[in-house]
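Commentary on secondary and tertiary structure
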Amino acid sequence: MNIIDLAVNTITQGLIYALLSYAVYITYKILDFPDLTVDGSFPLGAAITAVLLTNNVNPYLTLLVALAFGALAGLVTGFIHVRLNIRALLAGIITMTGLFSINLQIAGSNLIVDRTIDTIFTSGIFNVLFGNIPLIYRKLVITLIIALAFKLILDLYFKTKNGLLLRAVGDNDLVVTMLAKDKGTVKIIGLTIANALVALSGSIVCQEQRSFSSTMGTGQVVFGLATVIMGTTIFKRFGFVKGTTAVLVGSIVYKACIQVALTLGLPANLLKLVTSILFLVILVYGNYQQKTTKVVSKNARA
Amino acid sequence: MLELKNITKIYNPGLVTEMCLFDDFNLTIEDGQFVSIVGSNGSGKTSLLNIICGNIPIEQGEIIINGKNIVKMPEHKRHNSIGRVYQNSSMGSCPNLTILENLSLADHKGKTFGLSWALNKSRIDYYKEQLSSLGLGLEDKLHVKLGALSGGQRQAVSLIMSTLTPIDFLILDEHTAALDPKTAETIMILTDKIVREKKLTAMMVTHNLRYAAEYGDRILMMDKGNIILDRSGKEKESTSIDDLLNIFTKISIECGN
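Residues numbered from 1 in each chain as written. Chains lettered and ligands numbered in written order. Predicted model: local features only at pLDDT ≥ 70, side-chain atom pairs only at ≥ 80, totals over all residues. Heavy atoms only, no water.

As annotated in an unreviewed UniProt entry, chain B is Glutamine transport ATP-binding protein GlnQ from Tissierella creatinophila DSM 6911. As its UniProt record puts it under Subcellular location (unreviewed entry), chain B is described as follows: "Cell membrane". (UniProt positions renumbered as here; feature names shortened; annotations may be inferred.)

As recorded by an unreviewed UniProt entry, chain A carries the name Ribose ABC transporter permease protein and is attributed to Tissierella creatinophila DSM 6911. What UniProt records for chain A under Subcellular location (unreviewed entry) is the sentence "Cell membrane".

Structure follows, in structure tokens:
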């Protein structure tokens, strides 16, 4: 693979995973809920997709089915947390662990989607529009459209009454109670939306790489958290940049970092180790930056 | 009308730290009354407000609002007719949302939060009018995040937020206690104006005996879960701050405070 193809491929990866980053942005940044369901709902989307594609279901319909099942996974975590009063982390772990078996149950085992089977990249509306572009660039264009479309939808959603209530519940849930609304229901809505996005991301990944593996969810929540924290840290000084834009860029930058490490000869087995170290570095840097900005603002006042 | 009947509240039941705060507690508050509640720490003032709002459960008794027993109603539903302002000014608003967003949320209380736009441009003039009545210059800061305001400013916005839509009861939990004397005065005058204009039934817990005497139509003094003084009408008019202070000192000495 030449360097340009490699770059295009990396950006494409970043764009697909941006959907997952949006989701973690919603749960972690807006709801203040560290949602570990992601590690289970991501492969859930992929498992459903692999099975449906293999059974010749329309790839676009497959996206919708994955979305719906992801939403269901989020609903379960929300229900466990809110109605059964289980702590956020534990609620996520419970659903995630359960999903591991469910995913294997759905897919049977690790699956490969045959080359002859159409995906969203090779059929339907996207094929009509971009069919004459080489596949690798076509993937870039299509994933860019999807990532931007969902960014736009989320940005618009946050401006609706429902979206504002969601932002309020993470900011100060007492206010939501005082608005005579059940804060628990609002949290469940947020988790449902987020995990729908995660499964959608998993579905597109599966369509892109034509495979499902039961362990593909491992570390996805860390990836999501890293991109959210990296994105929002980088763009903190530019107040006007939307959170969704920040995590979209964060997702691409993160994938690029990993790709560079791999290109420089990092053994693939060490990938998760690098992921976690990179995450740690980002967290520490975030703390450091917070401290320095505080000092600056103090000096500015004095 | 708000009625509390035979309320029993026990903290940590069954444990060695078990503490019975209210035992067969009764209280009736008429519509439109501004009730000041004073009393030493631990006398049950805030517990009383929490019981009415529903964020602590009770062991026994009835809470009747407008003829309906609301004991089993969840906290958030009770807030359909209740507005509350807390002592901590950061509790009544969302710090990362702008003043405009906070007011838009409050303005929509009681309705469905659907997918229509949250910010209604035609209401902005109304919000500005409400804010300018504070005299804090907040009407020009609609797009400033609440977290960037001072405690007094945030408390003022909290007060407006809690009374923006029609409610019956306003619960004030030491809402001026954390403010500087001048801001406290401003907030207190504003509170009084809102309560009178909107004909609200208000319950105000305060440690400021002057505010209690000056603004309340009725003064309650609490001690160890009992109402030891209840004055309204002419009786309240003739009660001076010194009288209150004397009784207060007496119960404090008995408690060993």
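What follows continues from the structure just given.
**Re the overall build of chain B**
Assigned secondary structure in chain B consists of 9 helices and 10 strands. A principal-axis box enclosing the C-alpha atoms of chain B has dimensions of 55 × 40 × 35 Å. Sorting the 257 residues of chain B into buried and exposed places 52% on the buried side. Counted over contacts in chain B with a minimum sequence separation of 6, partners at least 24 positions apart contribute 69%. With the model as given, the accessible surface of chain B reaches about 11,800 Å², and the carbon-plus-sulfur share is 50%. (Helix = DSSP H or I, 4+ residues; strand = E, 2+ residues; numbered from the N terminus. Buried < 20%, exposed > 50% of the residue type's maximum accessible area, 1.4 Å probe, protein only. Contact = heavy atoms within 4.5 Å. Areas by Shrake-Rupley, 256 points an atom, 1.4 Å probe, with all protein chains shown as cover.)

**Quick word on the overall build of chain A**
Helix and strand counts for chain A come out as 12 helices and 2 strands. N-terminal to C-terminal, the α/β element order of chain A is α-α-α-α-β-α-α-α-α-α-β-α-α-α. For 302 residues, the compact-globule estimate of 2.2 N^0.38 gives 19 Å, and the C-alpha radius of gyration of chain A, at 19 Å, lies within 12% of that figure. Projected onto its principal axes, the C-alpha positions of chain A cover 65 × 45 × 35 Å. The buried share of chain A, reckoned over its 302 residues, is 52%. In chain A, of all internal contacts separated by at least 6 residues, the share reaching a separation of at least 24 is 77%. (Rg over C-alpha atoms; globule rule 2.2 N^0.38 Å.)

**Quick word on the environment of B:Gly147**
All names here are of chain B. Looking at the element boundaries, Gly147 is found in the loop between helix 4 (124-132) and helix 5 (151-162). The partly exposed category is assigned to Gly147, whose relative accessible area is 42%. Along the backbone, Gly147 and Cys94 are 53 residues apart, and their C-alpha atoms lie at a distance of 7.6 Å. The residues touching Gly147, leaving out its near neighbours within four places in the chain, are Pro95 and Arg154.

**Topic: helix 4 (residues 88-107) of chain A**
It helps to recall that an α-helix has 3.6 residues per turn; residues three or four apart then point in one direction. Residue and element names in this part refer to chain A. Taking 1.5 Å of rise per residue, 20 residues should cover 28 Å, and helix 4 covers 28 Å from first to last C-alpha, within 8% of that figure. All of the buried residues along helix 4 are Ala88, Ala91, Gly92, Thr95, Leu99, Asn103 and Ala107. Of the surrounding secondary structure, the elements contacted by the buried residues of helix 4 are helix 2 (38-54), helix 3 (59-82), strand 1 (111-112) and strand 2 (211-212). Where helix 4 ends, the next residue or the one after it, Gly108, has phi of about 85°, a positive value. (Expected span 1.5 Å × (residues − 1).)

**Some points on the sheet that holds strand 3 (residues 34-39) of chain B**
Residues and elements named next belong to chain B. Taking strand neighbours across the sheet as the criterion, the 6 strands line up as 6-7-8-3-9-10 in an open arrangement whose pairing is mixed. Looking at the sheet topology across the chains shown, the edges are occupied by strand 6 (82-85) and strand 10 (226-232). The mean angle between the axes of side-by-side strands here comes to 15°, regardless of whether they run parallel or antiparallel. Sheet analysis places strand 6 next to strand 7 (residues 169-173), joined by 4 bridges and oriented parallel. From the neighbouring strand, Val85 faces strand 7, where its bridge partner is Leu172. Across the sheet, helix 5 lies against strand 6 and strand 7, angled at about 175° from strand 6, the strand it touches most. (Pairing = 2+ DSSP bridges. Axes fitted to C-alpha atoms, helices over the stretch in contact; angles between N-to-C directions.)

**Quick look at the pattern of salt bridges**
For the coordinates displayed, the defined rule picks out 13 salt bridges over all chains. Close ionic contact of A:Asp155 with A:Lys151 constitutes a salt bridge, the shortest N to O distance being 2.6 Å. Remark: A:Lys151 and A:Asp155 occur in helix 6 (residues 135-158); sequence separation between them is 4 residues, near one turn of the helix. In this pair, the class of A:Asp155 matches that of A:Lys151, namely buried. Notably, a salt bridge pairs A:Asp173 with A:Lys187, separated by 3.9 Å at the nearest N-O pair. Note that A:Asp173 is positioned in helix 8 (residues 173-178) and A:Lys187 in helix 9 (residues 183-209), a separation of 14 residues in sequence. Relative accessible area serves as the criterion here: at 18%, A:Lys187 is assigned to the buried category. Beyond isolated ion pairs, a larger network of salt bridges with shared partners links B:Glu185, B:Arg210 and B:Glu214. (Salt bridge = Lys/Arg side-chain N within 4 Å of Asp/Glu carboxyl O.)

**Quick word on unusual backbone geometry**
One non-glycine residue, A:Ala180, lies in positive phi territory at about 65°. Its location among the elements puts A:Ala180 in the loop between helix 8 and helix 9. Even without being a glycine, B:Asn66 presents a positive backbone phi close to 50°. Its place among the elements puts B:Asn66 in the loop between strand 4 (60-65) and strand 5 (68-69).

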